[in-house]
Amino acid sequence: MGTMLKLAVILPMLLIATEAWSQTRPVSTAMSCSRAAGLVAAQGAVVLGTGPYTYDRYVSGTNRCALGETIEPAWVPTADNPQCFVGYQCRLRTQPQGR
């Protein structure tokens, strides 16, 4: 009986943890272009899903990147635009050749 009681207490906690873990990030294909771009602009940096198994971090400017990184324009698919400009992605700066 003690094992059943423990299971009855632990199982609901596991279900709650699983639900929290499975909460999804915003998905660009489920929103308009203006909404996706507005989300990046408002939050400054956001992890945005771009498909069932793809996601990346999009930023509003260089102040959201690490030292030694620069920004690169980023376009994602949205519900109303297959190539919506949402902001930027942080990329490592490349060193000039020959130095």
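Residues numbered from 1 in each chain as written. Predicted model: local features only at pLDDT ≥ 70, side-chain atom pairs only at ≥ 80, totals over all residues. Heavy atoms only, no water.

What about the pattern of salt bridges?
Consideration 1: Tallied over the full model, the rule gives 1 salt bridge.
Consideration 2: Between Arg91 and Glu72 there is a salt bridge whose closest N-O contact spans 3.5 Å. In this pair, Arg91 sits in strand 4 (residues 84–92) while Glu72 sits in strand 3 (residues 69–76), placing the two residues 19 residues apart along the sequence.
Consideration 3: Residue Arg91 is classed as partly exposed on the basis of its relative accessible area of 32%.
Consideration 4: The class of Glu72 is partly exposed, set by a relative accessible area of 38%. (Salt bridge = Lys/Arg side-chain N within 4 Å of Asp/Glu carboxyl O. Helix = DSSP H or I, 4+ residues; strand = E, 2+ residues; numbered from the N terminus. Buried < 20%, exposed > 50% of the residue type's maximum accessible area, 1.4 Å probe, protein only.)

Here's the deal with the state of the cysteines
Consideration 1: Under the defined criterion, the tally for this structure stands at 2 disulfides.
Consideration 2: In this model, Cys65 is linked to Cys90 through a disulfide, with the two sulfur atoms separated by 2.0 Å. An S-S torsion of about -85° defines the bridge between Cys65 and Cys90 as left-handed. With Cys65 in the loop between strand 2 (55–59) and strand 3 and Cys90 in strand 4, this pair connects stretches of sequence that are 25 residues apart.
Consideration 3: Assessed through its relative accessible area of 15%, Cys90 is described here as buried.
Consideration 4: Sequential numbering of the bridged cysteines in the protein gives the disulfide pattern 1-3, 2-4. (Disulfide = S-S within 2.5 Å.)

Some points on the packing of aromatic side chains
Consideration 1: Within this structure, the stated rule accounts for 2 aromatic pairs.
Consideration 2: When the centroid spacing of 5.5 Å and the interplanar angle of 80° are considered together, the rings of Phe85 and Tyr88 count as edge-to-face.
Consideration 3: On the basis of relative accessible area, Tyr88 is assigned to the partly exposed category, the value being 24%.
Consideration 4: In textbook terms, an aromatic cluster arises when at least three aromatic residues are bridged by ring pairs, as seen for Trp75, Phe85 and Tyr88. (Phe/Tyr/Trp six-rings, centres within 6.5 Å; stacked < 30°, edge-to-face > 60°.)

Treat this as a map of the structure, not an account of what it does.
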